[in-house]
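The lines below spell out each chain.
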Amino acid sequence: MTDLHTLLLRELGPDIVCSDEALTRDCSHDESEQAPVIPDAVVAPTDPLQVETLLRLAAEHRFPVTPRGTGTGKSGGSVPVRGGAVLTLHRMDHVLELDPENLLAVVEPGVTCARLQRDAEAAGVFYPPDPASLETCSLGGNVAENAGGPRAFRYGVTREYVLGLEAVRVGGERFDVGHRPVKGVSGYDLTALLTGSEGTLAVFTKLIFKLIPRPGDPGLLILYFPVLQDAVRAVTLLVQRRFFPMALELLDRPSLEAARGPGFSPPDDAGGALFCELEGLAGNEATGRAVLDCLATAGCPPSGFELRRDPGEAGAAWDARRDVSKRLKARYAHKISEDVAVPRALLPELVRNVGEIADGLGLGSACYGHAGDGNLHVNFVTDGDPSRFSMAVERLFRVTLLLGGTLSGEHGIGTLKRRFLPAEHAPAALAMFHAVKRAWDPLDLLNPGKIL
Ligand code: LAC
Ligand code: ZN
């Protein structure tokens, strides 16, 4: 038992300070390549007052605190790399308000994304953000990472839905930021600053989300292309011709092979595919035909397609798509996964470069994800020596930035990409990042070792 564990046990009690080895091990890692670190103590509050107490003690005794949702992050954001306490918010999981009249929901940070989606749907409204881990990921984590997902293409990322929140700073002070009306420009937008701050500035204890009216039931048009470059080109062609599906996702051949299973069997000769989610089942056939005509006219016809209107069949394909990351990991001895984004029309350039980088270093690659947003999960894979991954990633980032892109579309910087931050941001911007961190957490106790 560590000294910190003993201190916290005395102050917060055994219901809140966990002595369970399995939970402590869970709190040592996320879903990224970041190596696990066992924390000195794990605190699992059920009430904001306990969060206040922990963050007051952290300032008094100067120990690090790493906030955590359910550990589905992809950049090391919730790994306690400097030791100290992990603050796991999974027990604060109440939906406090669901208000279809005002189109808003107020929830605690441990509520899962899927739970809010289901509650919203039952009330006849819609919460669009849909990260692949939606069944298990927590909304607190979604806001901390500004999570995306396929539907960000039409509806935008988590940021667009956070109206306000309640947070606690190191020292234990709890306060509200933002507003409940959909509009509000009173003071600096601290809600926007905290969204995507990766748990480095404050801990969320309550979240106010905007909801929207429910769209028509979706169907899924899957387009198969003979070569990957055609699938990639089709993305911009469709957008240029004003098609605006709910989601527009790309899978290259290795990703299609990983996704293959009982509910999803792509043709063997497909070089790439697009998942095009269409709104309103009644209009699906007509829209589907219009998409196919449009691509044929533009000289980029798919070699095959499937229209899945049945929710079970569409759901099976989406399950396969959401599982690609895990299944790729299982197929290769080593995989490193990146999350770059470029202006959409430059995706063909990005994909061409990924192929060249992988070939040049004798690695495999797999690209899939949110092509409609110019955001691809680029994976380098090998069953041999993974030491060339770092060179591959450096080259990938160089190309991405030359194309006017960004290091991370939705997974965040965390521990894994922090050394590359100066490649993307000017010294003056980095100095402002540091100044912001100092203003909120001068002792660098809250989620240290992340982003900066
Ligand atoms: C996905 C996760 C990895 O899109 O972001 O599958
Ligand atoms: Zn993703």
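Residues numbered from 1 in each chain as written. Chains lettered and ligands numbered in written order. Predicted model: local features only at pLDDT ≥ 70, side-chain atom pairs only at ≥ 80, totals over all residues. Heavy atoms only, no water.

> Whenever I open this one, the pairing of strand β17 (residues 364-370) confuses me. Can you help?
Side chains on a regular strand alternate between the two faces of the sheet. Burial within β17 is extensive, with five of its seven residues counted as buried. Where strand β13 (residues 247-252) meets β17, two bridges bridge the pair, whose relative direction is antiparallel. Counted as the bridge partner of Leu 250 is Gly 369 from β17. In this structure, β17 lies alongside strand β18 (residues 375-382), joined through seven bridges in antiparallel fashion. Across the sheet, residue His 370 finds its bridge partner in β18, namely Asn 375. (Buried < 20%, exposed > 50% of the residue type's maximum accessible area, 1.4 Å probe, protein only. Helix = DSSP H or I, 4+ residues; strand = E, 2+ residues; numbered from the N terminus. Pairing = 2+ DSSP bridges.)

> It is not clear to me how the sheet that holds strand β16 (residues 334-337) should be interpreted in this structure. Could you clarify?
Spatial strand order, β15-β12-β14-β13-β17-β18-β16: seven strands in an open sheet with antiparallel pairing. In this open sheet, the two strands that pair with only one neighbour each are β15 (304-308) and β16. Mean inter-strand twist for the sheet, computed between neighbouring axes without regard to direction, equals 15 degrees. Strand direction decides the pairing type here: β16 and β18, joined by four bridges, are antiparallel. In the strand pairing of β18, Ile 336 is matched with Phe 380. Contacts between helix α12 (residues 324-331) and the sheet are confined to β13, β16, β17 and β18, with β17 contributing the most and set at about 170 degrees to the helix. Strands β16 and β18 of the sheet are contacted by helix α14 (residues 389-402), whose axis makes an angle of about 155 degrees with β18. (Axes fitted to C-alpha atoms, helices over the stretch in contact; angles between N-to-C directions. Contact = heavy atoms within 4.5 Å.)

> Explanation requested: the coordination of the zinc ion (ligand 2) in the structure shown.
Six octahedral donors at a metal ideally form angles of 90 or 180 degrees, and four tetrahedral donors ideally form angles of 109.5 degrees. Protein-derived ligands of the zinc ion (ligand 2) are His 370 (NE2), His 377 (NE2) and Glu 410 (OE), with the metal-ligand distances lying across 2.0 to 2.1 Å. When the donors of the zinc ion (ligand 2) are listed by position in the chain, the intervening gaps give H-x6-H-x32-E. With a gap of 33 residues between them, His 377 in strand β18 and Glu 410 in the loop between α14 and α15 (421-424) connect regions that are remote in the sequence. Take His 377: its relative accessible area is 3%, and that puts it in the buried class. By relative accessible area, Glu 410 is classed as buried at 11%. (Donors = N, O, S within 2.8 Å, 3.2 Å for Na, K, Ca; no water.)

> What is the right way to look at the sheet that holds strand β6 (residues 104-107) in this model?
Note on sheets: strands pair through backbone hydrogen bonds, and any given pair is parallel or antiparallel. Ordered in space as β5-β6-β10-β8-β9, the five strands form an open sheet in which the pairing is antiparallel. In this open sheet, the two edge strands, each paired with only one partner strand, are β5 (95-99) and β9 (174-178). Across the sheet, the mean angle from the axis of one strand to that of its neighbour is 10 degrees, orientation sign disregarded. Bridge analysis of strand β8 (residues 162-168) against strand β10 (residues 203-210) gives six bridges, and the strand direction is antiparallel. When the bridges of β10 are listed, Leu 165 appears paired with Leu 207. Set on the sheet, helix α4 (residues 113-122) makes contact with β5, β6 and β10; between it and β5 the angle comes to about 35 degrees.

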